[in-house]
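# Structural characterization, general
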There are 2 protein chains.
Amino acid sequence: MAASSTSTTPRTIAVAVTGVGLVGSAFISQLLSVPKPNPFRLIALSSSKHTLFSPHGLEITSESWKPLLQTAPPKTASDLAKDLASLVSPAQAVVFVDNTSSEAIAGLYPTLLGTGVHVITPNKKAFSGDAGLYERIVRASGESGARFLNESTVGAGLPVVGTLKDLVATGDKIKKIEGVFSGTMSYIFNNFSTPQPGGPSFSSVVKIAREQGYTEPHPADDLTGSDVSRKLTILTRYIPSLKPSLPLPQGYLSVPTASLIPSQLQHLITPENLASSAAADTFVEELQKFDGEFDEMRSEALKEGKVLRYVGVVDVEKGEVKAELARYPVTHPFATSLGGSDNIVLFHTERYGARPLIVQGAGAGAEVTAMGVLGDLFRI
Amino acid sequence: MAASSTSTTPRTIAVAVTGVGLVGSAFISQLLSVPKPNPFRLIALSSSKHTLFSPHGLEITSESWKPLLQTAPPKTASDLAKDLASLVSPAQAVVFVDNTSSEAIAGLYPTLLGTGVHVITPNKKAFSGDAGLYERIVRASGESGARFLNESTVGAGLPVVGTLKDLVATGDKIKKIEGVFSGTMSYIFNNFSTPQPGGPSFSSVVKIAREQGYTEPHPADDLTGSDVSRKLTILTRYIPSLKPSLPLPQGYLSVPTASLIPSQLQHLITPENLASSAAADTFVEELQKFDGEFDEMRSEALKEGKVLRYVGVVDVEKGEVKAELARYPVTHPFATSLGGSDNIVLFHTERYGARPLIVQGAGAGAEVTAMGVLGDLFRI
């Protein structure tokens with residue numbers, strides 16, 4: 001039809017994927033399963049050590065990519081970025097998908113975006129850290145027109161970032177966002193603090209959460225609350241009215257964040273220990289000594305008819321952003337609706353005034369995170 | 001920068017808006033309030049009687065458009081469609097926004113799409129009716145590359161259609177979708193059937209719902225359940241695996257739908273009566289005679305520890321789609337989380353297996369519906 005040449009410019013979309021951990025592997029599998037005609041051509045696949053690269057498209061399958069990658073030569077991420085830049089043309093969009101959690105790779109986004117390469121990632125580092133890096137990302141994207149999409153940085157596959165962007169873009173006024181943003185914290189408190197009196201000890205719940213794979217390898221990585229303050233920082237940066245009052249110059253580090261690590265155990269939290277399984281065992285063991293304190297918080301809350309939940313709050317009207325262990329009435333959605341390791345996010349806005357817009361569901365896991373990434377790819 | 005010419009083709013987006021009722025007016029107001037640089041140029045504005053049209057952009061403000069439109073000449077929708085088609089070019093995308101609920105205008109979508117004009121609408125008619133029309137829409141869109149977006153046909157501004165599309169596009173398997181899809185039905189049953197025994201009579205709740213503006217001018221329009229079966233039809237058409245077992249040849253009319261209009265009152269429901277305020281008064285008056293029956297359903301449910309909710313269900317595994325008055329445990333989200341005229345939608349999928357993905361919030365109202373439309377416009 002005549003229309004096809006005028007209404008849209010046919011483009012191919014070349015995709016370079018970095019990171020082949022749990023999320024990366026799930027993403028590759030989902031990408032290769034997109035039904036024909038698959039609009040995406042996978043041109044690069046990198047681990048920290050090896051890179052498969054072919055501008056005309058890699059010839060790989062779900063079964064073959066792992067062995068092929070293991071024998072591929074190395075290529076630095078910045079060399080890859082240069083190669084990708086050279087492939088951008090009016091006939092071909094190029095997308096860099098970062099499925100790592102690397103700070104170094106996040107540092108390449110401004111260069112990539114500046115050369116017209118789109119960036120999609122569940123990696124929170126670039127959007128929750130140094131405001132300077134974030135501003136360079138926004139500026140590079142604005143100048144080249146290349147986009148950065150990060151739906152899966154908050155709530156994994158749940159429509160959280162996109163919903164916030166839509167609310168803001170269409171002129172709604174955000175009043176407050178509150179939610180349970182950490183799947184680990186959700187699991188822990190859904191099991192520890194219920195409307196019934198008593199219940200298991202805090203350390204025993206942490207122990208089970210770890211055994212079931214709901215925590216990072218070292219549970220202290222979750223109990224610091226920094227995963228929540230990173231997510232809050234990401235959301236906050238989409239709310240224009242917060243910028244003047246809350247510039248967050250240092251990113252998530254400037255968000256007041258309640259750590260659940262008892263101060264007496266703080267000395268156990270070193271970079272070496274966080275990477276050690278034995279140190280994690282010791283930490284959970286030591287945590288038992290503080291079960292009494294957590295018990296007391298739980299029963300104090302229940303005396304008021306409330307449960308404990310680890311929440312993140314962005315209060316636009318008060319200009320306040322915080323991650324804290326708070327008490328919620330047993331009739332509140334955080335008490336009645338939550339289960340498992342669900343995330344839940346309540347958007348209180350001018351339009352959703354009387355009752356908030358709520359998004360809820362699994363907020364972590366390789367499959368749902370990869371889905372958030374692939375969803376963004378479809379939006380390019 | 002060199003990149004800007006290669007990475008994206010700069011395009012302007014010309015927007016033609018039809019329908020200036022509550023949703024249309026809210027949409028125009030939101031569109032005119034998009035912060036600069038506003039990427040959209042409003043080129044046409046039509047009511048059923050008048051059309052403002054200027055290919056270079058209408059010079060209107062939030063205050064001036066109503067009086068200007070009232071003195072504008074008429075133009076048929078099909079003439080407008082021809083004018084729009086002539087404006088499509090590689091440098092300019094053209095979007096037709098249908099804020100009416102007109103079946104006739106819905107019938108123009110294939111023509112518009114076939115000539116490369118994108119279509120965005122909260123109008124359910126084209127997507128929930130005749131499968132032939134729907135197929136012509138899909139085909140025309142596929143051939144020209146012009147898109148049709150209808151996020152606001154289900155749940156207004158809530159991310160329901162988009163979430164379903166993302167789930168399907170990224171390869172998740174939908175098992176079941178269930179929800180309260182009608183704001184009116186939500187309001188009525190949230191007030192009529194609670195975990196406490198007794199409560200107001202059915203007819204009194206309908207009367208209040210009508211007085212508060214939660215119903216259509218004639219509440220029978222809501223009580224037929226067809227609003228729900230239309231929404232279910234729209235969702236069903238995005239689920240590939242349902243197609244063979246459930247072709248829905250007649251659209252929403254083939255969805256088994258429980259009407260809450262007592263059969264003895266069915267004779268009161270005529271096209272003339274539905275447009276008459278006096279007939280609506282009579283209907284609500286007559287409804288009192290059936291309060292006993294509704295009371296009994298309510299207390300029967302509560303004996304089982306359940307409440308009544310008017311729900312829509314798409315059960316993919318069973319190949320079953322239905323709109324019905326069902327009983328849900330008092331601990332179910334439909335009983336605990338719902339309030340006001342909230343919609344709630346639960347997506348049970350392969351990835352969201354143990355616990356569903358949930359979207360909840362106001363699912364009707366001019367502002368939130370217009371927001372869903374404008375959100376779609378940003379996606380073009």
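Residues numbered from 1 in each chain as written. Chains lettered and ligands numbered in written order. Predicted model: local features only at pLDDT ≥ 70, side-chain atom pairs only at ≥ 80, totals over all residues. Heavy atoms only, no water.

A word on the sheet that holds strand S7 (residues 174–180) of chain B. Strand pairing in a sheet is mediated by backbone hydrogen bonds. Such pairs are either parallel or antiparallel. Taken in spatial order, the 10 strands line up as S9(A)-S8(A)-S7(A)-S10(A)-S11(A)-S11(B)-S10(B)-S7(B)-S8(B)-S9(B) in an open sheet, and their pairing is antiparallel. In this open sheet, the two edge strands, each paired with only one partner strand, are strand S9 (320–329) of chain A together with strand S9 (320–329) of chain B. Mean inter-strand twist for the sheet, computed between neighbouring axes without regard to direction, equals 20 degrees. Sheet topology note: the S7(B)/strand S8 (residues 306–315) of chain B ladder contains four bridges and is antiparallel. Bridge pairing in S8(B) links B:Ile177 to B:Val314. (Pairing = 2+ DSSP bridges. Helix = DSSP H or I, 4+ residues; strand = E, 2+ residues; numbered from the N terminus. Axes fitted to C-alpha atoms, helices over the stretch in contact; angles between N-to-C directions.)

This paragraph deals with the packing of helix H2 (residues 22–32) of chain B against helix H19 (residues 366–379) of chain B. Residues and elements named next belong to chain B. In the contact formed by H2 and H19, the axes pass within 8 Å of each other and the chain directions differ by 55 degrees. With respect to H19, the axis of H2 lies oblique. Of the two elements, H2 crosses H19, and the hand of that crossing is right-handed. Contacts from Leu22, Val23, Ala26, Phe27, Gln30 and Leu31 of H2 reach H19 at Ala366, Glu367, Thr369, Ala370, Met371, Val373, Leu374 and Leu377. (Parallel < 35°, antiparallel > 145°, perpendicular 65-115°, else oblique. Left-handed = near helix turned anticlockwise from the far one by under 90°. Contact = heavy atoms within 4.5 Å.)

Turning our attention to the pattern of salt bridges. Applying the stated criterion to the full structure yields 34 salt bridges over all chains. Across the pair A:Asp227 and A:Lys124 runs a salt bridge whose closest N-O atoms are separated by 3.3 Å. With a gap of 103 residues between them, A:Asp227 in helix H13 (residues 226–236) and A:Lys124 in the loop between strand S5 (118–120) and helix H7 (125–128) connect regions that are remote in the sequence. Close ionic contact of A:Asp342 with B:Arg355 constitutes a salt bridge, the shortest N to O distance being 2.8 Å. With A:Asp342 in strand S10 (residues 342–349) and B:Arg355 in the loop between strand S10 (342–349) and strand S11 (357–362), this pair bridges two chains. Residues participating in the shared-partner salt-bridge network are A:Lys124, A:Asp227 and A:Lys231. (Salt bridge = Lys/Arg side-chain N within 4 Å of Asp/Glu carboxyl O.)

All names here are of chain A. Taken from the UniProt record, the annotation "binding site: NADPH" (unreviewed entry) applies to Thr100 and Lys124. For this annotated set, covering 25 residues, all C-alpha atoms fall within 9.6 Å of each other, a compact arrangement in space. You can see Thr100 is positioned in the loop between strand S4 (92–98) and helix H5 (103–106). Leaving out residues up to four positions away in the same chain, Thr100 has contacts with Thr18, Gly19, Ile105 and Asn123. What Lys124 contacts, discounting residues up to four positions off in sequence, is Thr153, Asp227, Arg230, Lys231 and Ile234. (UniProt positions renumbered as here; feature names shortened; annotations may be inferred.)

What follows covers the relation of the copies chain A and chain B. Note on the identical chains: chain A maps onto chain B by a rotation of 180 degrees and an axial translation of 0.0 Å, with an RMSD of 0.0 Å. The transformation just described matches what one would write down for a two-fold rotation axis. Nearest to the rotation axis, the C-alpha of A:Val359 is located 2.4 Å from it, this being the minimum over chain A. (Least-squares fit on C-alpha atoms with pLDDT ≥ 70 in both.)

Looking now at the packing of aromatic side chains. All names here are of chain A. Counted by the stated rule, this structure contains 22 aromatic pairs over all chains. Seen in terms of ring centroids, Phe192 and Phe202 are 5.5 Å apart; in terms of plane orientation they differ by 85 degrees. Their pairing is edge-to-face. Here Phe192 is found in helix H10 (residues 183–192), whereas its partner Phe202 is found in helix H11 (residues 202–211), with 10 residues between them in sequence. On the basis of an interplanar angle of 5 degrees and a centroid distance of 3.7 Å, the ring pair of Phe202 and Phe294 is categorised as stacked. Of this pair, Phe202 sits in helix H11 while Phe294 is found in helix H17 (residues 291–303), placing the two residues 92 residues apart along the sequence. Among the residues examined, Phe202 registers a relative accessible area of 0% and is labelled buried. By relative accessible area, Phe294 is classed as buried at 5%. Ring pairs connect the aromatic residues Tyr109, Phe127, Tyr134 and Phe148, which therefore count as one cluster. (Phe/Tyr/Trp six-rings, centres within 6.5 Å; stacked < 30°, edge-to-face > 60°. Buried < 20%, exposed > 50% of the residue type's maximum accessible area, 1.4 Å probe, protein only.)

Turning to the domain arrangement of chain A, a few remarks are in order. You'll often see interface size given as the accessible area lost when the parts meet. All names here are of chain A. Domain parsing of chain A yields domain 1 (13–156 + 369–379) and domain 2 (160–362). Taking only C-alpha atoms, the centre of domain 1 and the centre of domain 2 are 29 Å apart. Taken residue by residue, the interface counts 16 residues in domain 1 and 20 residues in domain 2. Across the domain 1 to domain 2 interface the summed buried area is about 1400 Å²; carbon plus sulfur atoms make up 54%. It is Lys124, Ser128 and Val154 in domain 1 that bury the most area against domain 2; as a group they hold 38% of the surface buried on that side. Run the count over domain 1 and domain 2 and you get one salt bridge. (Domains from an automatic or database assignment. Buried area = accessible area lost by both parts, 1.4 Å probe.)

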